[in-house]
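Residues per chain, in single letters:
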Amino acid sequence: MVGTRLRGWQIPLTYGSAIGLAAIGSAILIVMLFVSISKIESSLPRFGFFAIREFHIAIRDVTHLRDMISLAEGAPNSQESLDQLSAANDLVYIRFDRIDGRETISAIPAYAGIVPRVDDAVKRLDVVIAAGLPLDQKSLTELGLELEQIVGRMNDEYYKYGEEVNADLYSSEVSLRRFNYQIAFALTILSLLAMGTAVLFIGRRETIKQLEFLAWRDATTGLKNRAWMAANRDAMLDRARETGKQLQLLLIDLDHFKSVNDTFGHHVGDLLLKAVAEILESVEQPDDIAAVRLGGDEFAIMAIAERNVGDDLGKCLREQLNRFAELEGHQVRIGASIGMACFPQHGSDISMLLHNADSALYKAKAEGRSGFVTFSPSILSQIDMQLGEEAAIKRALNCDEFFLVWQPQFELATGRMTGAEALVRWRDAVSGAVRPPASFIPIAERSDLILELDKVVLGKACMQAAKWMPISAEEFICSVNVSGKSLQAYAYLTHLTEMLQQTGLPPSRLQLEITEGIFIQDSRNALESIGKIREIGVSLALDDFGSGNASFGYLADFNLNQLKIDRSFLGDLASSTRKQNVVRGIIALANSLGLTVVAEGVENEAQLDFLIHEHCHGAQGFFMSEPVEERLMTNYLIARQGRAKHIEKFRLSPFAPAPTLLRKADVVAKQSRKTAN
């Protein structure tokens, strides 16, 4: 009986002993390993790489300041020298006075003696700068010699400290070789013990959970991933079918996510993804609603709900996703388009639901983004139509079916034609009709076809403007519209430069018309392109001014040349006091900023009289001239040579070989006297 009891306890005792011995052995080896690592760490030098970097940057900044002083000595009366000297002095002030240099001082003690000398030089230079032009050359010479000595001292300490680091690195290498065998032995024994204890399922449950997370979760956002959706979507559909409920499948695509990455960096883009994930996680419910990240900027929601629920979930997500989020001090608009398909209304299997939800998402993005669309059969026909139109535009681009018409622009004070705006038309070879821009520009803008179309329009406009140079005045400017997508692509800027070179058109004879949407999107590439276009010498006009939501601050920040009053302000202008005040305000704003202002869409004499009375610089519209083909414009430019320039009311007839100008000279005189008074 006793023997039986002992034999019964033999296995548990052996099992416990094995666990105890393994734990003790592991503890000993772990202690040995940590002791070895501590010895290595204690033998490693304090390399002070950060201190070296900071010291190197400090040398660079002081050297730059010394060079700016030398330049200022050569041009003591130059404002540019003063500005450069001030900027360099501020940089050195920030480097030595504002940045904490304790780590650098602890690594390079000589740095502590250099800092006061530099601070003193900066303060003395501040006095010279504050005195203004001309700069005190004697003080500059003294400060230059002082900084030369400081730079020499800093270079000596920099190389001296580098030699110490090299010596420490060599010593550490010897120490590392000595401990290599000990660490290798400890790691080998520890690995064997870890394999033994793994059999005893130590940490097994946590390991399984971690593996599950890596297999079924997205690493960036923590949401369920595409693999989880593939493994569970059929089960959710079956559960909805069995319980008589509906399965809602929502596909979510972030708007302008690439622009966020380009503008603020990928780390802000990751923060944006996490902010979206938090919103989606807030609607999750165990077994009923699951949020999934499909990849990139694409997400999905699978929800089992009652059949009478409707689209409340999609509307709620649209409201939460289309807002601003503060990410590292940046106000970033999230923005998302959502498409939804439901079982059983829109499909009986997952493949059909995915296809239909994707079609609804395509529709939401085509309607201007940031929208929510529930699938309906009519969407498929609309998508087919959209794809057919895109294919037709591609064919038209390949077959050169696009051509330009020109709408003249007139100076209201004199009646002179000062330029013309290029407007694209499509001579459709299939239908034989001439299609207006409204029938194909929106489709091209929703795809990348607008990039190629903008290039074609620019090329044709530059070639025609170059042909008109011998028969037009020097101030005659041809205007070309450009989309926001093209400005975000560097290829357009390259194409612009090439066309100016190929055609010989002076940049001053070309004007690009942009819209307020460029500033709303705040695309870094587009804003950089605007600056480079102005550097080339091409003028810029802000088209449809007042129709968007851009801040007036952009008018001061960017070097624009012209504002174009949107045609919506001219409708009912004679009877609407509010519209009259808005137009007056735009003209006053343009005058205060030194910009010319042109009114679009002038369609009657009352509108023209009001604009002349308010001293609007220019106008264009059907009242003066409909858009005409290049032949008629050429005839007018030829006929215009030798005509009297001062005309007050005018109208171009597109049916005459040389347009007729109708105006009374006494009205001009009256208007001039009224302006003088």
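As shown above, the structure is provided for reference.
In short, a report on the structure. All values derive from a computational prediction rather than experimental measurement. (Residues numbered from 1 in each chain as written. Predicted model: local features only at pLDDT ≥ 70, side-chain atom pairs only at ≥ 80, totals over all residues. Heavy atoms only, no water.)

**Structural notes on the overall build of the chain**
Basically, it comes down to this: Comment: elements are numbered from the N terminus, with helices defined as DSSP H or I runs of at least four residues and strands as E runs of at least two. Note on exposure labels: buried denotes an accessible area under 20% of the residue type's maximum, exposed denotes more than 50%, and partly exposed covers the range between, all computed with a 1.4 Å probe on protein chains only. Here, residues are in contact when the closest pair of their heavy atoms is within 4.5 Å.
Each helix and strand counted, the chain has 24 helices and 17 strands in total. Looking at the chain as a whole, 44% of its 677 residues qualify as buried. If you take every contact in the chain between residues at least 6 apart in sequence, the share linking residues at least 24 apart comes to 68%.

**A few points about the pattern of salt bridges**
Note the cut-off: Put simply, a salt bridge is a Lys or Arg side-chain nitrogen that is within 4 Å of an Asp or Glu carboxyl oxygen.
Scanning the model with the defined rule gives 20 salt bridges in all. Ionic pairing is found between Glu 411 and Arg 416, a salt bridge with its closest N-O pair at 2.7 Å. Residue classification places Glu 411 among the partly exposed residues on the basis of a relative accessible area of 23%. Because the salt bridges share partners, they merge into one network encompassing Glu 389, Arg 395, Glu 401, Asp 428 and Arg 435.

**Description of the environment of His 64**
Residue position: His 64 is located in helix H2 (residues 49-74). Between the C-alpha atoms of His 64 and Leu 91, which are 27 residues apart in sequence, the distance is 9.6 Å.

**Considerations on unusual backbone geometry**
Of the consecutive residues Leu 133 and Pro 134, the connecting peptide bond is found in the cis state with omega at -5°. Mapped onto the elements of the fold, Pro 134 is located in the loop between helix H5 (110-131) and helix H6 (137-199). Look at Asp 572: it is not a glycine, yet its phi comes out positive at around 55°. Mapped onto the elements of the fold, Asp 572 is located in the loop between strand E15 (562-565) and helix H21 (577-592). Even without being a glycine, His 615 presents a positive backbone phi close to 60°. Positionally, His 615 belongs in the loop between helix H22 (605-613) and strand E17 (618-619). Take His 615: its relative accessible area is 41%, and that puts it in the partly exposed class.

**Looking at the nonpolar core**
Soluble, globular proteins show a tendency: their nonpolar side chains are buried together. The criterion, for reference: As used here, the term nonpolar core means buried Ala, Val, Leu, Ile, Met, Phe, Trp, Tyr and Cys residues forming a set that is joined through side-chain atoms within 4.5 Å.
In terms of nonpolar packing, the biggest core is built from 78 residues, with Leu 512 and Leu 611 touching the most fellow members. Sort the elements by how many residues they give to this core and helix H15 (residues 449-468) lands first, with 10 residues. When sequence neighbours within four positions are dropped, the list of residues in contact with Leu 512 reads Leu 458, Val 480, Val 482, Tyr 492, Leu 496, Ile 533, Val 538, Ser 539, Leu 540 and Ala 541. Membership of the second largest hydrophobic core comes to 31 residues, among which are Ile 252, Ile 279, Val 283 and Ala 325.

**Digging into the packing of helix H9 (residues 257-264) against helix H10 (residues 266-282)**
Put simply, the rule reads: Simply put, an axis is a line fit to the C-alpha atoms, just over the touching stretch for a helix, and the angle between two N-to-C directions goes from 0 to 180 degrees. Under this scheme an angle from 65 to 115 degrees is roughly perpendicular, one under 35 degrees roughly parallel, and one over 145 degrees roughly antiparallel; angles in between are oblique. Polar here means any residue outside two lists: the nonpolar Ala, Val, Leu, Ile, Met, Phe, Trp, Tyr, Cys and Pro, and the charged Asp, Glu, Lys and Arg; Gly therefore counts as polar.
Axis separation between H9 and H10 bottoms out at 7 Å; the angle between their running directions is 140°. Considering their axes alone, H9 and H10 lie oblique with respect to each other. The segment H9 lies against H10, with Phe 257, Val 260, Asn 261 and Phe 264 engaging His 266, His 267, Val 268, Gly 269, Leu 272 and Leu 273. Split by residue class, the contact of H9 with H10 holds 6 nonpolar, 4 polar and no charged.

That's the geometry; what it means functionally is another story.
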